[in-house]
Amino acid sequence: MSLTVPKTQYACVFDKPFGPIVYKKTAVPTPKPTEILVHVLYSGVCHTDLHAWRGDWELKTKLPLVGGHEGAGVVVAKGSQVTSFEIGDYAGIKWLNGSCMSCEYCMQGAEPTCPDGDYSGYTHDGTFQEYATADAVQAAHLPKDVKLDAVAPILCAGVTSYKALKTADLRAGQWVAVSGAGGGLGSLAVQYGVAMGLRVLAIDGGDDKAALCKSLGAEAFVDFTKTKDLVKEVQRITNGGPHGVINVSVSEKAINQSTLYVRPLGKVVLVGMPADSKLTCDVLTQVFKCSQIRGSCVGNREDTAEALDFFYRGLVHSPFEVVGLSKLPEVFKLMAENKIVGRYVLDTSK
Ligand code: 8ID
Ligand code: ZN
Ligand code: ZN
């Protein structure tokens with residue numbers, strides 16, 4: 001780790017959707033007056049990064065693009081207007097990398113819904129490079145003793161799953177189903193749920209993910225690849241359906257099933273965003289159940305500080321494996337095959 005700023009660095013760059021992801025030398029970016037320059041030591045790989053590379057969503061990315069938005073590292077330079085960070089501070093780079101701060105949503109602290117948001121690894125080059133710029137207001141302050149590889153996944157997967165649980169507005173002792181529980185967001189949602197006193201039913205596929213979810217405190221696991229009538233099974237285990245569902249799978253079918261098994265008065269929280277997906281459900285059933293369907297997008301600065309606090313207190317951790325930045329294409333391949341148990345974290349020096 002060095003506080004001197006080189007002129008060039010290594011980055012993973014692609015030019016077009018599904019185009020080759022090239023690990024190459026690029027220029028180190030210069031921070032704007034309101035930005036910090038972070039020497040990113042580690043970056044988690046979120047499924048959103050895979051959606052970005054595939055061009056899955058209507059919202060388009062900048063091109064060429066350096067993806068990544070779970071970056072943890074050290075501030076090595078800052079713009080002239082930045083007073084909240086000093087050189088040498090630890091900082092985290094999140095999905096939201098700046099918002100207008102004056103619209104009606106920003107005024108309420110709902111900055112992720114700002115129509116003028118800037119997104120790391122999407123509309124702004126992200127953390128799949130050694131040095132990345134970040135808005136000083138939105139960058140997370142991290143303490144000096146934190147393990148940067150372990151904290152990286154908290155910056156998106158942790159914040160997002162924690163915020164989704166807050167959005168579900170459940171009480172201790174109630175059941176929450178986490179659909180997609182063995183992945184990056186899901187494995188953290190299980191632990192935040194347990195830490196909040198909820199009874200967690202985890203849904204995913206395969207014995208490795210079952211073992212992980214149980215080890216993280218899930219009371220029950222339903223394997224969607226083996227269960228004949230998933231809706232019935234979830235309702236049987238939870239004695240009438242979970243009070244809330246956190247949808248972090250990348251499956252339209254799983255999301256639609258959640259409206260069927262949720263308990264009357266229950267809350268279905270939408271987080272995962274499979275390409276071209278529609279939520280279709282029977283109106284009569286939802287009316288009679290008085291259920292609620294709520295979207296949840298990352299979290300604001302307060303959610304970030306709270307989600308990090310659970311991590312610092314040892315209540316949640318991301319089950320992660322570290323590989324070099326140059327291995328990003330291999331990580332994407334495993335992710336597309338749903339073979340990742342937990343999270344991959346990239347070491348940007350390799
Ligand atoms: O702010 C947001 N809303 C936000 C923030 C971050 C990520 C949304 N996301 C979105 C991503 O863009 C992606 O669409 O959440 C989704 C999950 O991200 P992730 O946790 O990073 O993905 P992952 O690690 O690949 O985990 C997905 C899990 O879903 C399981 C897979 O087996 C995997 O473990 N899964 C699938 I695909 N189909 C399933 C099914 N039918 C399923 N689990 C249960 N039932
Ligand atoms: Zn993410
Ligand atoms: Zn705004």
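As a reminder, the structure under discussion sits directly above these lines.
Basis of the calculations
Residues numbered from 1 in each chain as written. Chains lettered and ligands numbered in written order. Predicted model: local features only at pLDDT ≥ 70, side-chain atom pairs only at ≥ 80, totals over all residues. Heavy atoms only, no water. Helix = DSSP H or I, 4+ residues; strand = E, 2+ residues; numbered from the N terminus. Rg over C-alpha atoms; globule rule 2.2 N^0.38 Å. Contact = heavy atoms within 4.5 Å. Areas by Shrake-Rupley, 256 points an atom, 1.4 Å probe, with all protein chains shown as cover. Lys, Arg positive; Asp, Glu negative; His and termini not counted. Charge placed at Lys NZ, Arg CZ, Asp CG, Glu CD. Patch = residues over 30% accessible without salt bridge, like charges linked within 9 Å, V, L, I, M, F, W, Y side chains within 5 Å. Salt bridge = Lys/Arg side-chain N within 4 Å of Asp/Glu carboxyl O. Buried < 20%, exposed > 50% of the residue type's maximum accessible area, 1.4 Å probe, protein only. Donors = N, O, S within 2.8 Å, 3.2 Å for Na, K, Ca; no water. Tetrahedral: all angles 85-135°; square planar, octahedral: opposite > 155°, others 65-115°. Phe/Tyr/Trp six-rings, centres within 6.5 Å; stacked < 30°, edge-to-face > 60°. Lys NZ or Arg CZ within 6 Å of the ring centre and 35° of its normal. Pairing = 2+ DSSP bridges. Axes fitted to C-alpha atoms, helices over the stretch in contact; angles between N-to-C directions.

Asker: What's the story with the overall build of the chain in this structure? I'm lost.
Answerer: Within the chain one finds 11 helices and 15 strands. Here the C-alpha atoms of the chain give a radius of gyration of 20 Å, agreeing with the 20 Å that 2.2 N^0.38 yields for 350 residues. Principal-axis analysis of the C-alpha atoms gives the chain an extent of 60 × 40 × 40 Å. Nonlocal contacts in the chain, meaning residues at least 24 apart in sequence, comprise 70% of its contacts between residues at least 6 apart. Total accessible area on the chain stands at roughly 15000 Å², and carbon and sulfur atoms take up 54% of it. Counting 35 positive and 36 negative side-chain charges, the chain places the averaged centre of each group 4 Å from the other.

Asker: What's the story with a nonpolar patch on the surface in this structure? I'm lost.
Answerer: There is a patch of nonpolar side chains on the surface, built from Val283, Leu284, Val287 and Phe288 and spanning about 470 Å² of accessible area. Within the element layout of this structure, Val283 appears in helix 9 (residues 283–289). The class for Val283 is exposed, based on a relative accessible area of 60%.

Asker: Help me out: how do you make sense of the pattern of salt bridges in this one?
Answerer: Two side chains bearing opposite charge may form a pair once their charged atoms approach each other closely. Per the counting criterion, the structure on display carries 16 salt bridges. Glu86 is paired through a salt bridge with Lys78; the nearest N and O atoms lie 3.7 Å apart. Taking the relative accessible area as the measure of exposure, Glu86 reaches 45% and is therefore partly exposed. We classify Lys78 as partly exposed; its relative accessible area is 30%. Here Lys166 ties to Asp303 by a salt bridge, and the two come within 2.8 Å at their closest N and O atoms. In this pair, Lys166 is assigned in helix 4 (residues 157–168) and Asp303 in helix 10 (residues 301–312), connecting sequence segments 137 residues apart. Residue Lys166 is classed as partly exposed on the basis of its relative accessible area of 33%. Taking relative accessible area as the criterion, Asp303 reaches 1% and is therefore assigned buried. Shared partners join several salt bridges into a network, and the residues in it are Lys163, Lys166, Asp303 and Glu306.

Asker: Any chance you could explain the side chain of Asp204 here in plain terms?
Answerer: Inspection of the secondary structure puts Asp204 in strand 9 (residues 199–204). The buried charged residue Asp204 lacks any salt bridge partner; its closest oppositely charged side chain belongs to Lys209, at an N-O distance of 4.0 Å. Asp204 has contacts with Gly180, Ala181, Gly182, Gly183, Lys209, Phe221, Val222, Asp223 and Phe224, leaving out every residue within four places of it along the chain.

Asker: Sorry if this is basic, but what is going on with the coordination of the zinc ion (ligand 3) here?
Answerer: In an ideal octahedron of six donors the angles at the metal are 90 or 180 degrees, and in an ideal tetrahedron of four donors they are 109.5 degrees. The protein atoms donating to the zinc ion (ligand 3) are Cys100 (SG), Cys103 (SG), Cys106 (SG) and Cys114 (SG), with metal-donor distances spanning 2.3 to 2.4 Å. For the zinc ion (ligand 3), the 4 donor atoms are set out with angles of 104 to 117° between them, so the coordination reads as tetrahedral. Within one chain, the residues donating to the zinc ion (ligand 3) are spaced in sequence as C-x2-C-x2-C-x7-C.

Asker: Sorry, what's going on with the side chain of Asp135 here?
Answerer: Following the sequence through the fold, Asp135 ends up in strand 6 (residues 131–135). One buried charged residue, Asp135, forms no salt bridge at all, with the nearest opposite charge on Lys32 at 7.6 Å. With sequence-adjacent residues up to four places away left out, Asp135 is seen in contact with Thr34, Glu35, Asn97 and Gly98.

Asker: Please explain the packing of aromatic side chains as it appears in this structure.
Answerer: The description of two aromatic rings rests on the distance between their centres and on the angle between their planes. Going through the model one piece at a time under the given rule, you end up with 10 aromatic pairs. Members of the aromatic cluster, joined through ring pairs, are Trp57, Trp95, Tyr119 and Tyr122. Here the basic side chain of Arg313 rests over the ring of Phe310, its NZ or CZ set 5.9 Å away from the ring centre.

Asker: What exactly am I supposed to notice about the sheet that holds strand 13 (residues 292–295) here?
Answerer: Whenever strands of a sheet pair, they do so through backbone hydrogen bonds, lying parallel or antiparallel. Taken together, the 6 strands give an open sheet; going across it, the order is 10-9-8-11-12-13, and neighbouring strands pair in parallel fashion. Each edge of the sheet is formed by a strand with only one pairing partner; in this case those strands are strand 10 (220–223) and strand 13. Each adjacent strand pair in this sheet contributes to an overall mean axis angle of 20°, direction not counted. Examined bridge by bridge, strand 8 (residues 175–179) and strand 11 (residues 244–247) share 4 bridges and lie parallel to one another. Residue pairing across strands places Val176 opposite Gly244, the latter belonging to strand 11. Across the face of the sheet, helix 5 (residues 184–195) comes into contact with strand 8 and strand 9 while running at roughly 170° to strand 9. The strands that helix 8 (residues 252–261) touches are strand 8, strand 9, strand 11, strand 12 (267–270) and strand 13; relative to strand 11, the one it contacts most, it runs at about 180°.

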